[in-house]
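Chain by chain, the residues:
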Amino acid sequence: MSDVSTVPVYKDSQMPVERRVADLVSRMTLKEKIGQMVQCTGAEFGDEKAYEDALREGMVGSRIGCDSQWAGNEGSRGISVEELNLHQRIAVEESRLGIPVINGRDIIHGHRTVMPVPLAQAASFDPEEVRRSARLAASEASAEGIHWTFAPMMDICRNPKWGRVIEGFGEDPYLAEEMAVAMVKGFQGDDMSAPDSIVACAKHFAGYGYCEGGRDYDASEITSGTFHNVVLRPFKAAVMRGGVGTVMTSFQSNGGIPSSASGFLLRRMLRETWGFRGFVVSDWGAVGEIEFHGACQDAKDAVRAAVNAGVNMEMIRSLYPRYIEALINERRISEETIDELVSGILRIKFMCGLFEHPYTEADPSRIRSAETLAASRRQAAHCMVLAKNNGILPFSDSLKGKRVALIGPMVHERGPLGGSWNLGSPGHEFRTIGEAFAEEAEKRGVSAAITDSALWDEQLRFANRCDVVVLCVGEHSNSTGETHASARYRLPVGQDELVDAVRRTGRPFVVVCVSGRPFPIPGARDHADALLYAWHCGTETANALMDVLFGEQEPSGRLPITVPEHEGQIPIYYGRKMPGKVNDWENRNANLYDDGWPYYNGEDFLPMYPFGFGLGYTTFDVSGICVDKTEIPAWDTVTVRSRLINTGSRRGTAVVQCYLTDVRASVSRPMKELVGFRKVTLDPGCESIVEFELNEEAMGFYDADGNRLLESGEFRVGVGLDSTVRPSVPFFVR
Ligand code: GLC
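These lines cover the structure that appears in this document, whether it is placed above or below. Note that this is a predicted model, so its numbers are computed, not measured. (Residues numbered from 1 in each chain as written. Predicted model: local features only at pLDDT ≥ 70, side-chain atom pairs only at ≥ 80, totals over all residues. Heavy atoms only, no water.)

With respect to the overall build of the protein
(1) Moving on: Broken down by element type, the protein carries 21 helices and 29 strands.
(2) Moving on: Taken over the C-alpha trace, the protein has a radius of gyration of 27 Å; the compact-globule value for 734 residues is 27 Å, and the two agree within 12%.
(3) Moving on: In terms of overall dimensions, the protein has a C-alpha envelope of 80 × 65 × 50 Å along the principal axes.
(4) Moving on: Taken across its 734 residues, the protein has 62% of its residues classed as buried. (Helix = DSSP H or I, 4+ residues; strand = E, 2+ residues; numbered from the N terminus. Rg over C-alpha atoms; globule rule 2.2 N^0.38 Å. Buried < 20%, exposed > 50% of the residue type's maximum accessible area, 1.4 Å probe, protein only.)

Shown next as structure tokens:
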């Protein structure tokens with residue numbers, strides 16, 4: 001035990017965190033407290049010297065981006081560990097209390113090794129692989145002086161026209177819960193203070209994915225039932241199961257209340273209901289934007305609203321240092337509230353070991369290591385979704401000596417493969433699909449025909465002279481991510497025509513969609529021999545694609561979001577509630593297909609591909625679904641059992657999915673809900689018993705006031721390989 005008389009309690013690592021927090025807050029001036037609530041890029045102070053002066057005065061709680069560029073999609077200059085250490089030394093050794101700065105950055109899907117975009121990672125239906133991927137990202141980022149990431153993003157989205165759909169985990173709350181917890185645990189590890197851990201951030205809290213029309217930043221109008229039973233679920237899981245250290249507020253308003261001013265979100269749900277003890281950071285300038293929403297009188301009033309709602313730290317705009325003292329003097333906020341908010345920030349700084357390890361020892365061995373690159377390549381293949389295959393894939397030795405044309409707009413792209421939140425890896429570090437294909441084809445005695453011409457007539461000329469065509473369509477990463485939304489949900493202009501032109505060559509062809517989200521490609525669905533959604537899978541996209549095309553890896557991804565037949569169907573998702581007039585034979589224009597999709601006046605609303613769908617290189621059968629009890633008391637559990645058989649001729653992986661229907665409740669419940677999934681790999685002819693244990697978590701739901709209910713009555717359960725499962729095995733909760 002250190003000599004307490006010489007070392008202040010807050011500097012004594014042997015002391016309990018809460019005592020250190022209380023001791024430090026008691027020593028701070030109001031100015032120093034407000035300083036901790038400031039997050040900046042450093043550029044706001046004009047120049048580096050002014051920034052260093054601010055550090056000396058304890059006026060900076062956190063630095064964002066850490067490469068002195070605006071945080072966003074273009075990080076042109078890399079991080080300088082020396083510079084970060086130099087600034088940290090000023091904060092720790094030259095300020096009055098020596099409180100370290102926490103360095104934050106968007107490590108959304110990888111850092112120097114770019115992993116698949118989160119929507120693709122959700123397609124893996126493999127939380128353990130997602131956790132490992134986040135762990136590797138944390139190791140790379142912490143090696144370069146980053147302490148905190150603004151991830152995972154867990155905004156449920158059912159409108160893929162919203163460009164940020166790629167940053168989240170898709171349409172389903174259960175899948176999003178599992179992925180959010182996995183990613184938080186990956187970033188924070190078992191010990192948030194470990195040198196290769198970084199603090200995670202659950203964002204954007206909450207409802208951003210419901211921005212109307214998929215128009216980024218637009219208002220959302222989410223009912224309280226949907227808020228509690230869909231939108232909030234991954235955040236609750238991230239806090240209560242993942243132990244996430246921070247939360248970020250969302251830009252949009254819901255029901256007219258901007259999230260950064262929402263006491264319902266930040267106090268009642270986050271802190272009072274879920275027991276959150278970390279800190280809340282606003283999104284970029286979102287405190288000041290409370291005024292833009294017209295939900296307060298002016299910028300000063302915006303600060304009042306955000307502080308009283310519980311926003312601990314303001315990202316950019318520096319309105320907190322401008323107005324908090326005056327607001328205290330006007331008794332519109334209290335210093336007790338400031339103490340509470342500053343305590344949340346300091347608590348995380350203590351828990352992540354910043355006071356003990358404020359400086360970074362650069363460790364290049366953790367950057368783009370062979371292990372990390374291999375993991376990225378493996379994960380990419382496990383995210384890819386095979387939507388159609390008449391047997392042409394995987395390419396076999398029969399292709400030897402044949403000519404294969406590789407054409408399309410994504411053949412020679414590099415940076416776009418990295419997705420829209422790649423800040424750490426410049427485009428030249430990416431291998432193109434063309435380069436990877438040329439090498440793989442040569443290795444396998446296949447004659448690759450790849451033209452450098454961007455002109456599609458020339459590319460089609462190549463296609464006409466070949467035996468097989470691989471057509472790589474898709475979108476630039478800049479068409480996804482923040483500030484991106486579209487009124488259409490199709491491949492970029494002209495590409496559907498290109499698919500049709502390849503069809504007209506009469507050659508067997510494979511369509512590969514290299515994009516942040518899975519577009520409907522009717523020409524591929526109707527005429528191609530195979531359709532593979534390869535996503536923006538980061539650094540190893542091209543290599544992983546070769547592994548999949550030539551069978552080194554099986555594409556084992558399943559759709560985390562419904563693919564509509566056309567954008568007119570959006571919003572379209574499997575977990576919908578029963579519409580009115582179901583099977584009302586008098587009203588012949590409104591009826592439901594068996595699996596719940598409506599049929600109106602000859603225009604059907606069947607999606608192109610349903611949530612959870614995906615093929616592999618073998619086939620599976622699920623049968624023998626049964627429950628161990630047909631009647632249970634509310635506190636009990638039901639075990640759902642099914643038999644999975646690999647009915648194909650190759651070893652392969654299935655994603656077995658369990659769906660539940662609450663047949664009768666006090667409110668209309670979704671027609672079915674995912675309540676469990678398991679990724680299972682079997683040799684041909686082998687079988688496995690797959691079990692799901694269902695408890696209150698699965699059968700219960702929230703009422704409009706957020707009260708948890710488990711009502712008695714009939715439930716039906718189904719197990720299958722995608723969301724077209726019809727839950728039909730009954731059991732009763734008494
Ligand atoms: C952006 C994004 C948010 C990101 C933050 C910092 O505006 O909305 O997701 O973490 O700014 O870059």
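After that view, the rundown keeps rolling.
A word on the site of the ligand
(1) Moving on: The environment of the ligand is formed by 14 residues, the closest being D106, R164, K203, H204 and D283.
(2) Moving on: Within the contact set of the ligand, an oxygen atom lies 2.8 Å away from a side-chain nitrogen or oxygen of R164.
(3) Moving on: For the ligand, whose accessible area on its own is 310 Å², the fraction buried by protein is 97%.
(4) Moving on: Classifying every residue of the shell around the ligand gives eight nonpolar, one polar and five charged. (Near = heavy atom within 4 Å. Polar contact = N/O pair within 3.5 Å; in protein donor to acceptor, adjacent residues only side chain to side chain. Areas by Shrake-Rupley, 256 points an atom, 1.4 Å probe, with all protein chains shown as cover. Nonpolar A, V, L, I, M, F, W, Y, C, P; charged D, E, K, R; others polar.)

Digging into the pattern of salt bridges
(1) Moving on: The tally for this structure, following the rule as stated, stands at 55 salt bridges.
(2) Moving on: As a salt-bridge pair, E83 and R63 come within 3.3 Å of each other at their nearest N and O atoms. Pair noted here: E83 is in helix α4 (residues 81-93) and R63 is in strand β2 (residues 62-64), with a separation of 20 residues, a long-range link. One exposure class covers both E83 and R63, and it is buried.
(3) Moving on: Measuring nitrogen to oxygen at the nearest pair gives 3.3 Å for the salt bridge that ties D67 to R105. (Salt bridge = Lys/Arg side-chain N within 4 Å of Asp/Glu carboxyl O.)

As for unusual backbone geometry
(1) Moving on: Put simply, K203 and H204 share a cis peptide bond, and its omega is -5°.
(2) Moving on: Tracing the backbone through its elements, the reader meets H204 in strand β5 (residues 201-205).
(3) Moving on: In this chain, I570 is followed by P571 through a cis amide linkage whose omega measures 5°.
(4) Moving on: Structurally, P571 can be placed in the loop between α20 (541-549) and β17 (590-592).
(5) Moving on: Phi is positive for F125, close to 50°, though the residue is something other than glycine.

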